[in-house]
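Now for the letters of each chain:
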Amino acid sequence: MPPSVAKRRTIIEPFKIKVVEPIRMTTREERIGYLERCGYNVFSLPADEVLIDFLTDSGTSAMSAEQWAAVMRGDESYAGSRSYYRFRDTVKSIFGLRHIIPTHQGRAAERILFSTVCRTGDVVPNNTHFDTTRANIEATGARAVDLPIPEGLVPSHRHPFKGNMDVERLGALIEEEGADRIPLVMLTVTNNTGGGQPVSMENIRAVAEVCRAHEIPLYIDACRFAENAYFIKLREDGYDDVPVREIVREMFSHADGCTMSAKKDGLSNIGGFLATNDEALAERERDLLILTEGFPTYGGLAGRDLEATAVGLEEVLEEDYLEYRLASVRYLGEHISSYGVPIMQPPGGHAIYIDAQAFLPHLTPLDLPGQALVAELFVEGGVRSVEIGTVMFGHRDPDSGEEIAASMELVRLAIPRRVYTQSHVDYVVEVIRAVWERRASIGGFRFTFQAPALRHFTARFEPLYPFSQEGGE
Ligand code: F0G
C-alpha cells in the first residue's frame, strides 16, 4: 500500500496551478435552453456552455510547465527533426520496442497497422475493441472479436482485473479460425469500453504464451498503459515494490508492437504512435505513413507536439501522479455509490461508468435511459457526460426498421488528467446525487433524427416526459 494511503491522509493533487482557464457559470434555465437548441445531444453543445466537461479524457489533459517549455524547444524541421529523435528515444526507453512511427493520434496508428496486416476474412481478437479500433479492422474486411472475461460484462461484479481477456476463448477461436487467419491479437490496457478496467500481468503473460505457441504477434493498445501498470502495482501479487517504469517494461516485453494515443497517458493534447519489433513491417507502415500522415520523422505532428509528448510520457510514470490519478477517479465512484448510485465496479482508471438501466429501472432500453441521464446531469449542474448504450451501440434493423438495444446502458464520466480539483469532483457528486434523488420523475427519450452510421454524434432527441421539472438552482 502506498505510504500516503497507509497514513490515511487526503491524497492531494501533486501539483500547484500556474495558469487558469475560467469556466462560465450558467443557470438551470440557460442549460435547458442550450439542450433544447441542440436536440438534447451534448455532442452538439459549444464547450463554453459546459461547466464540468467529463465527455472524454482524450486530448483534454493539462500540460505541465516542463511540457510547455518543451513546446518552445520544438524543432520544426521537415526531415530529421531533433524533436523526433527525442520522442523516439523516450518511447524506446519506456516501451522497449524497436521501430517507432509517430502518428497524429491513435486511430491513425490503427489504420496504418490494420490496413498493412489484415486481409478480408481475417479475425482480430481483443479483450474489448475500442470503437475506432473495431472500425479500422472492419474497414479492411476483417472481423473484430471481443473476448472479455465473463466478469467484465457484469457492472456490479468486483474483480481486480476485470479488463482481462478470456484466454480459453482465445485458444478456442484460434482453433476454430486457424492461426493464419489471425494477423495479430490485441490487448487494450486499460480496457476502455469494458469500463476502464485493468489487465493483469498474469493475463498479458498467458495471452502472449498462446500467441507465441501459434506464432501470432501480440499488440497492445497502449492508450492508458501507465494507469494499467499502477493497478498492477496496487493489486497484483509481487509488484508492490516494483517501480511502475519496470512494470511497463515487463508488460511490453510480452508484446511485438503497440498502438498509442498520446492524448491519454501521453498527457498531451494531440499525438500518438505505432511501434513494432518487425523491421520489414515497419518499412511498409512507413510507406503508408508518408502517403497520408507525413514524413516518418513527424507523422502528421508538429515538432513541438513530439516534444510535449516525450515529456508527458515521462511525467505519467511518476508514482505520486498515478496515485492521485487513480484516487481521484475512485473518489468520485465511491462517493456516488455510497448514496446508492449503481456504477460499474470497481472504479476504473480514467472514468466512472454509471449503470443507467439500474439508475432508471422503470425505463426500458428503448426509452434510452442513458440519454435521459446525460441530459438530466447537464441540466442539473452543467456536467457533460456521454451515453454508452443504445444510442451509441444500438441500431435499426435494416429490414424491419425495428430498433435493437445495446447489451448495457451506461453513462461514462471520463476525468481529464490534471484539469479538475477535488472541489470540482465534490460538485459533480452533488449534481449526481440530486438527479438520483429525483430519479422516479425521470422518463424516456426518443430519436427525432438519426444518421445511418455513428448516429450518437449527430442524433437529435425529444423527452417523453415533463423534462427536468424539479430540483437544482
Ligand atoms: N484505443 C482506445 C482504447 C481509446 O480509448 C481510443 C480513444 C483510441 C484507441 C483512439 O485514439 O482518439 O487518439 O484516435 N478514445 C477516446 C475516448 C476518444 O473518449 O475514449 P484517438
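Quick notes on the rules
Residues numbered from 1 in each chain as written. Predicted model: local features only at pLDDT ≥ 70, side-chain atom pairs only at ≥ 80, totals over all residues. Heavy atoms only, no water. Near = heavy atom within 4 Å. Polar contact = N/O pair within 3.5 Å; in protein donor to acceptor, adjacent residues only side chain to side chain. Areas by Shrake-Rupley, 256 points an atom, 1.4 Å probe, with all protein chains shown as cover. Helix = DSSP H or I, 4+ residues; strand = E, 2+ residues; numbered from the N terminus. Nonpolar A, V, L, I, M, F, W, Y, C, P; charged D, E, K, R; others polar. Domains from an automatic or database assignment. Contact = heavy atoms within 4.5 Å. Buried area = accessible area lost by both parts, 1.4 Å probe. Salt bridge = Lys/Arg side-chain N within 4 Å of Asp/Glu carboxyl O.

**What about the site of the ligand?**
The immediate surroundings of the ligand are formed by 17 residues, with Thr56, Arg107, Asp221, Ser261 and Lys264 found nearest. Residue Ser261 places a side-chain N or O atom 2.7 Å away from an oxygen atom belonging to the ligand. In the model, an oxygen atom of the ligand is placed 2.8 Å from a nitrogen or oxygen of the Arg412 side chain. In isolation the ligand exposes 470 Å². Once the protein is present, 93% of that is buried. Broken down by element, the residue count for the shell around the ligand peaks at 3 residues, all from helix H5 (residues 106–117). Among the residues forming the shell around the ligand, the class breakdown is 2 nonpolar, 8 polar and 7 charged.

**Details of the domain arrangement of the protein chain**
Each assigned domain of the protein chain is listed with its residue range as follows: domain 1 (3–57 + 318–463) and domain 2 (65–315). Computed over C-alpha atoms, the centres of domain 1 and domain 2 are 26 Å apart. Every contact between the two is made by 23 residues of domain 1 and, on the other side, 32 residues of domain 2. In total, about 2500 Å² of surface goes out of reach between domain 1 and domain 2, with carbon and sulfur atoms giving 55% of it. At the boundary of domain 1 and domain 2, one finds 6 salt bridges. Our enumeration of links across domain 1 and domain 2 arrives at 17 residue pairs in polar contact (both at pLDDT 80 or more). At 6 residues, the largest contribution of residues to the side of domain 1 that touches domain 2 is made by helix H13 (residues 319–338). A class-by-class count of the residues in the side of domain 1 that touches domain 2 yields 9 nonpolar, 4 polar and 10 charged.

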